[in-house]
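# Residue-level structural notes
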Amino acid sequence: MAEQNDELKMINHLLEVEKDANSLISEAMETSEKKISEARAKYNAEYKEKTEKIIEELKNNYEASIKKISEEHNLIIDEFKAYLEAKPQNYEDFVKFLDKKFFKKA
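Right, let's walk through the structure included here. On a predicted model such as this, the values are computed, not experimentally measured, just so you know.

Let us now look at the overall build of the protein. Across its full length, the protein holds two helices and zero strands. Taken against the 2.2 N^0.38 rule, which gives 13 Å for 106 residues, the C-alpha radius of gyration of the protein at 44 Å runs more than 25% over that of a compact globule. Taken over the C-alpha atoms alone, the protein extends approximately 140 × 35 × 10 Å along its principal axes. Put simply, the protein has 106 residues, and 0% of those count as buried. Carbon and sulfur atoms provide 59% of the accessible area of the protein, an area that totals close to 10800 Å². Charge centroids of the protein, computed over 19 positive and 24 negative side chains, lie 17 Å from each other.

Following this line, the structure appears as structure tokens:
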């Protein structure tokens, strides 16, 4: 009977050790999941912040490029208008040319 009692004590002790080990493993898993979740949230926030910064920079570059190109375009148009206005106008020759091209008898 004493042998059986010792065996039961040993089995109960082993069951307690297994229960404690299981509890430790569960706590470790919860802790690791919490740390992973916190790290994921941190890096997602950093990623979002960096991508928003890049997007804002690209948007500003785009707007600056559009403004620069528009200003260059307007300058070229104004220069061309000035060039055309500086040219002498010969309306008589132009009218003769039109008459010749459109009203010439075949």
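Picking up where we left off.
On to the environment of Ile55, then. Mapped onto the elements, Ile55 comes out in helix α1 (residues 2–86). Taking the C-alpha atoms as reference, Ile55 lies 30 Å from Leu75; in sequence the two are 20 residues apart.

Together, Phe80, Tyr83 and Leu84 make up a nonpolar patch on the protein surface, roughly 320 Å² of accessible area in all. Residue Phe80 is classed as partly exposed on the basis of its relative accessible area of 48%.

Time to look at the environment of His73. By the secondary structure assignment, His73 is in helix α1. For the pair formed by His73 and Leu98, sequence separation is 25 residues and the distance between their alpha carbons is 32 Å.

How each quantity is defined
Per-chain numbering applies: the sequence of each chain, read as written, is numbered from 1 onward. In keeping with the model being predicted, local features are shown solely for residues with a pLDDT of at least 70 and side-chain atom pairs are shown and tallied solely at 80 or more, while totals for entire chains, interfaces and linings include all residues. Note that water and hydrogens are dropped before the side-chain values are worked out from all heavy atoms of the structure. Each helix is a run of DSSP H or I of at least 4 residues and each strand a run of E of at least 2, with the numbering of both proceeding from the N terminus. For a compact globule the rule gives 2.2 Å times the number of residues to the power 0.38, and the radius of gyration it is set against comes from C-alpha atoms. Note on classification: 1.4 Å probe, protein chains only; a residue is buried when its accessible area is under 20% of the maximum for its type, exposed when over 50%, partly exposed between these limits. All accessible areas in this document rest on Shrake-Rupley with a 1.4 Å probe, and a residue is counted as covered only by the protein chains that are shown. In this tally, Asp and Glu contribute negative charge and Lys and Arg positive charge; neither His nor the terminal groups of the chain are included. We put the charge of a Lys on NZ, of an Arg on CZ, of an Asp on CG and of a Glu on CD. Within the patch definition used here, like charges are joined within 9 Å and nonpolar side chains (Val, Leu, Ile, Met, Phe, Trp, Tyr) within 5 Å, considering only residues with over 30% relative accessible area and no salt bridge. By salt bridge we mean one thing: a side-chain nitrogen of Lys or Arg within 4 Å of a carboxyl oxygen of Asp or Glu.

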